[in-house]
Amino acid sequence: AGMTVTEDRATQVDFSDSYYTGVQVIIVTDDSDITEPDDLKGKKIGVQEGTTGDLISSGDKFGDGKKAKVLVKGAKVKRFKKGVDAVMDLKNGSVDAVVIDELTANEFVKKNAKKLKIVIDSAGSEYYCIALTKGNTAYKEEVNKQIKAIKEDGTYDKLKAKYIDSKN
């Protein structure tokens, strides 16, 4: 699972260099008239608690410790322990939209063809890193060296194509 760097997390662990950039998207029902973030004003947004979707919907601190850019002002954020629970509430009408990671959203929409759609494909970006034991500088340097090496020799692109970009 990816882990986004936050100020709070950085007090507990060190982070490697980023190995992946994730994108947040908005899922709505197929018959929704929501077509952009501004349409969410006054609506209920479902998010998975503690995720970047939660952070950019609520404006809580993350990344560099500054307030997150809020996706839309005036929306009510409803937090769920699991993304699937937010999507279930979307399907039954308890929330108007769900803000969630693009890869996860694609799976939910694929499994709910003709019921759900993605209306925004770049609501927010995040950088995934590896959480490492705090203060172990030598280990962090080695991990970063290996991340750089697999990116340079093409291994990263092959793994990404097989496990992340694959639509299978």
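What counts as what
Residues numbered from 1 in each chain as written. Predicted model: local features only at pLDDT ≥ 70, side-chain atom pairs only at ≥ 80, totals over all residues. Heavy atoms only, no water. Salt bridge = Lys/Arg side-chain N within 4 Å of Asp/Glu carboxyl O. Helix = DSSP H or I, 4+ residues; strand = E, 2+ residues; numbered from the N terminus. Buried < 20%, exposed > 50% of the residue type's maximum accessible area, 1.4 Å probe, protein only. Core = buried A, V, L, I, M, F, W, Y, C linked by side-chain atoms within 4.5 Å. Contact = heavy atoms within 4.5 Å. Phe/Tyr/Trp six-rings, centres within 6.5 Å; stacked < 30°, edge-to-face > 60°. Lys NZ or Arg CZ within 6 Å of the ring centre and 35° of its normal.

(A) Examining the pattern of salt bridges more closely. Going through the model one piece at a time under the given rule, you end up with six salt bridges. A salt bridge links Lys78 to Asp89, with the nearest nitrogen and oxygen atoms 2.8 Å apart. Here Asp89 lies in helix 3 (residues 83-91) and Lys78 lies in strand 5 (residues 76-80), a separation of eleven residues in the sequence. Accessibility expressed as a relative area gives 34% for Lys78, which makes it partly exposed. One salt bridge in this structure joins Glu107 and Lys110, with 3.7 Å as the shortest N-O distance. Of the two residues, Glu107 and Lys110 both sit in helix 4 (residues 102-111), three residues apart, roughly one turn of that helix.

(B) Structural context of the nonpolar core. Counting residues in hydrophobic clusters, the biggest one holds 14 residues, and the most contacted among them are Ile27, Val87, Leu90, Val98, Ile100 and Leu116. Breaking this core down by element, the ones donating at least two residues are strand 3 (20-29), helix 3, strand 6 (97-101) and helix 4. Not counting the four nearest positions on each side in its chain, Leu90 is found in contact with Ile27, Val28, Thr29, Val95, Asp96, Ala97, Val98 and Leu116. Membership of the second largest hydrophobic core comes to ten residues, among which are Ile26, Ile34, Ile45 and Ile120.

(C) Summary view of the packing of aromatic side chains. In the structure shown here, the tally under the stated rule is two aromatic pairs. Residues Tyr19 and Tyr128 carry aromatic rings whose centres are separated by 6.5 Å and whose planes lie at 50° to one another, so their mutual orientation is tilted. Placement of Tyr19 in the loop between strand 2 (13-15) and strand 3 and of Tyr128 in strand 7 (residues 116-129) is noted, with a sequence separation of 109 residues between them. One aromatic cluster is present, built from ring pairs that chain together Tyr19, Tyr20 and Tyr128. The side chain of Lys151 reaches across the aromatic face of Tyr156, ending 5.4 Å from its centre.

(D) Spatial organisation of the environment of Cys129. Counting through the fold element by element, Cys129 comes out in strand 7. A relative accessible area of 7% means that Cys129 is categorised as buried. For the pair formed by Cys129 and Asn144, sequence separation is 15 residues and the distance between their alpha carbons is 9.9 Å. Among residues more than four places away in sequence, those in contact with Cys129 are Met3, Val5, Phe15, Ser16, Asp17, Ser18 and Tyr19.

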